[in-house]
Amino acid sequence: MDLKFNSSRKYISISVPSKSQAMSPHIKSVDDVVVLGMNLSKFNKPTQFFVCVSGVFMFYLIYGYLQELIFSVEGFKPFGWYLTLVQFGFYSVFGLIELQLIQDKRRRIPGKTYMIIAFLTVGTMGLSNTSLGYLNYPTQVIFKCCKLIPVMIGGVFIQGKRYNIADVSAALCMSLGLIWFTLADSTVAPNFNLTGVVLISLALCADAVIGNVQEKAMKLHNGSNSEMVLYSYSIGFVYILLGLTCTSGLSPAVTFCSKHPVQTYGYAFFFSLTGYFGISFVLALIKIFGALLAVTVTTGRKAMTIVLSFLFFAKPFTFQYVWSGLLVVLGIFLNVYSKNMDKIKLPSLHGLWKKSAEERKTRTLSQTI
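Nothing here was measured: the structure is a model prediction, and the numbers come from that model. (Residues numbered from 1 in each chain as written. Predicted model: local features only at pLDDT ≥ 70, side-chain atom pairs only at ≥ 80, totals over all residues. Heavy atoms only, no water.)

Colleague: Is there a simple way to think about the overall build of the chain in this case?
Modeller: If you tally the helices and strands in the chain, you get 14 helices and four strands. Within the chain, buried positions represent 45% of all 369 residues. A fraction of 84% describes how many contacts in the chain between residues 6 or more apart in sequence connect residues 24 or more apart. (Helix = DSSP H or I, 4+ residues; strand = E, 2+ residues; numbered from the N terminus. Buried < 20%, exposed > 50% of the residue type's maximum accessible area, 1.4 Å probe, protein only. Contact = heavy atoms within 4.5 Å.)

Below is the structure:
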């Protein structure tokens, strides 16, 4: 349709494209979710979920093994913040490379939002890495398994969400399991330190907020995964660099790592690469399914990481780890059940009692006859 007005001084032309005309690639891809060059939007929901979960488990299991391997290097434990700096540097480079491979390179999410996300990311990963200098690795992981608790709190205050009785029960089971696991660790672990508990707890609080902020920002501004990774981690890199420079923590870390380049920078590269791939799938989970389901998936992955940690690295063991871990797993199951109540029908106590009464009545009648 064309509307034209001619006069001696003006010429106005308004054109409206017909339906047969192709839309621009940008408009087509507004809602696309692309992970490592793979467009998940072309698949149905179950396939998207399977691909994301497979990616999270595969890459983060390798990530967890390499993280513990790095901290097993003698003398490296005081340099958790420097490892985070190197990790953020690699993430920024990986994000920049991936952003060049996609068609739309514009930044959609505001810079102020990225500054907040970067600060929270620094707190999450920096405090988590540093806590390994004070805690047994499985204890750190079991704390991270209970991220659901602060995520729920953050969901209430940031997004105004409301949770049902199953979610609350899940949080309670996780809290009790976490307390039991920590008490067991303080009994058998020779390097247990309360400072590590404080650090990982603060990391969890930041992690709870960041999941909700990322979900809200990505859905509101339709930002891509590669954009989120590039800007949040590059700004975070600057934060950590300034912090290490001001506290004189940069020079000792550089000196130590230069003496052990393969065990530090070499491992850190693959550690960062698998972490980057993993975070790409986590961001896809957040964008498609929401922060709570993403946390549930990553929590299941962490439970498997604990088992692998005991298999590959020698450390004290007590069966209290098993019982407290099972309590946390119960919390994870309750959380998954609460999200699928319409698909998973568990029998009620009243139903079980009624069924038992009917069976007793049937047996009595058969005996009478």
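Having seen it, we continue.
Colleague: Honestly, the environment of Lys302 in this entry has me stumped. Any pointers?
Modeller: Locating Lys302 in the fold gives a position in helix α12 (residues 291–312). The class of Lys302 is buried, set by a relative accessible area of 4%. Considered as a pair, Lys302 and Gly64 are 238 residues apart in the sequence and their alpha carbons are 8.5 Å apart.

Colleague: What should I look at first to understand unusual backbone geometry in this one?
Modeller: Among all residues save glycine, negative phi is the norm, and among peptide bonds the norm is trans. Positive phi, close to 60°, is recorded for Ser248, a residue that is not glycine. Of note, Ser248 is situated in the loop between α9 (225–246) and α10 (250–259).

Colleague: When you look at the packing of helix α8 (residues 194–221) against helix α11 (residues 261–289) in this model, what are you seeing that I'm missing?
Modeller: Here α8 crosses α11 at 65°, and the two axes come no closer than 9 Å. Of the possible angle classes, the one that applies to α8 and α11 is roughly perpendicular. Considering the relative orientation of α8 and α11, their crossing is right-handed. For the pair formed by α8 and α11, the contact residues are Gly211, Gln214, Glu215, Met218 and Lys219 on the first element and Leu283, Ile286 and Lys287 on the second. Split into classes, the residues belonging to the contact of α8 with α11 amount to three nonpolar, two polar and three charged. (Axes fitted to C-alpha atoms, helices over the stretch in contact; angles between N-to-C directions. Parallel < 35°, antiparallel > 145°, perpendicular 65-115°, else oblique. Left-handed = near helix turned anticlockwise from the far one by under 90°. Nonpolar A, V, L, I, M, F, W, Y, C, P; charged D, E, K, R; others polar.)

Colleague: Would you mind going over a nonpolar patch on the surface with me for this structure?
Modeller: Taken together, Trp180, Phe317, Phe319, Trp323 and Leu326 make up a surface patch of nonpolar side chains, about 560 Å² in accessible area. Of the residues forming the nonpolar patch, the biggest block, three residues, is contributed by helix α13 (residues 319–339). Tracing the backbone through its elements, the reader meets Phe317 in the loop between α12 and α13. (Patch = residues over 30% accessible without salt bridge, like charges linked within 9 Å, V, L, I, M, F, W, Y side chains within 5 Å. Areas by Shrake-Rupley, 256 points an atom, 1.4 Å probe, with all protein chains shown as cover. Salt bridge = Lys/Arg side-chain N within 4 Å of Asp/Glu carboxyl O.)

Colleague: Would you explain α10 in this entry?
Modeller: One turn of an α-helix holds 3.6 residues; hence residues three or four places apart share an orientation. If you check which residues of α10 are buried, you get Ala253, Phe256 and Cys257. Buried residues of α10 fall within an arc of 95° about the axis and therefore sit on the same side. Residues of α10 that are exposed and point more than 90 degrees away from the buried face comprise Ser251 and Lys259. Looking at the packing, one finds that the buried side of α10 touches α3 (80–101) and α11. (Arc of directions from axis to C-beta.)

Colleague: Honestly, the packing of aromatic side chains in this entry has me stumped. Any pointers?
Modeller: Here the distance between the centres and the angle between the planes together describe a pair of aromatic rings. The final tally for this structure, using the stated rule, is 20 aromatic pairs. With a centroid separation of 5.4 Å and an interplanar angle of 40°, the aromatic rings of Phe79 and Phe256 are classed as tilted. On the criterion of sequence distance, the pair formed by Phe79 in the loop between α2 (45–71) and α3 and Phe256 in helix α10 is long-range, its members being 177 residues apart. Neither residue differs from the other here; Phe79 and Phe256 are each classed as buried. When the ring of Phe94 is compared with that of Phe269, the centres are 6.0 Å apart and the planes differ by 70°; the resulting orientation is edge-to-face. (Phe/Tyr/Trp six-rings, centres within 6.5 Å; stacked < 30°, edge-to-face > 60°.)

Colleague: Is there a simple way to think about the confidence of the model for the chain in this case?
Modeller: Detailed reading of the predicted coordinates is not advisable wherever pLDDT is low. With 76% of its residues at a pLDDT of 70 or more, the chain shows a mean pLDDT of 76. At the level of individual helices and strands, the chain shows its lowest average pLDDT in helix α1 (residues 25–28), which scores 32, and its highest in α10, which scores 91. The model gives residues 7–30 a pLDDT under 50, and that stretch makes 22 contacts with residues more than four places away or in other chains. (pLDDT = per-residue confidence, 0-100.)

Colleague: When you look at helix α4 (residues 111–131) in this model, what are you seeing that I'm missing?
Modeller: For α4, which comprises 21 residues, the first-to-last C-alpha distance of 30 Å matches the rise-based estimate of 30 Å (1.5 Å per residue) to within 8%. Where burial is concerned, most of α4 is hidden: 15 out of the 21 residues are buried. (Expected span 1.5 Å × (residues − 1).)

Colleague: Please explain the environment of Leu220 as it appears in this structure.
Modeller: Within the secondary structure, Leu220 sits in helix α8. Of the residues examined, Leu220 reaches a relative accessible area of 63% and is grouped as exposed. Linking Leu220 and Ile109, residues 111 residues apart in sequence, is a C-alpha distance of 8.5 Å.

Colleague: What is the right way to look at the side chain of Ser232 in this model?
Modeller: Tracing the backbone through its elements, the reader meets Ser232 in helix α9. Look past the residues within four positions of Ser232 in its chain and what remains in contact with it is Tyr114, Ile117 and Ala118.

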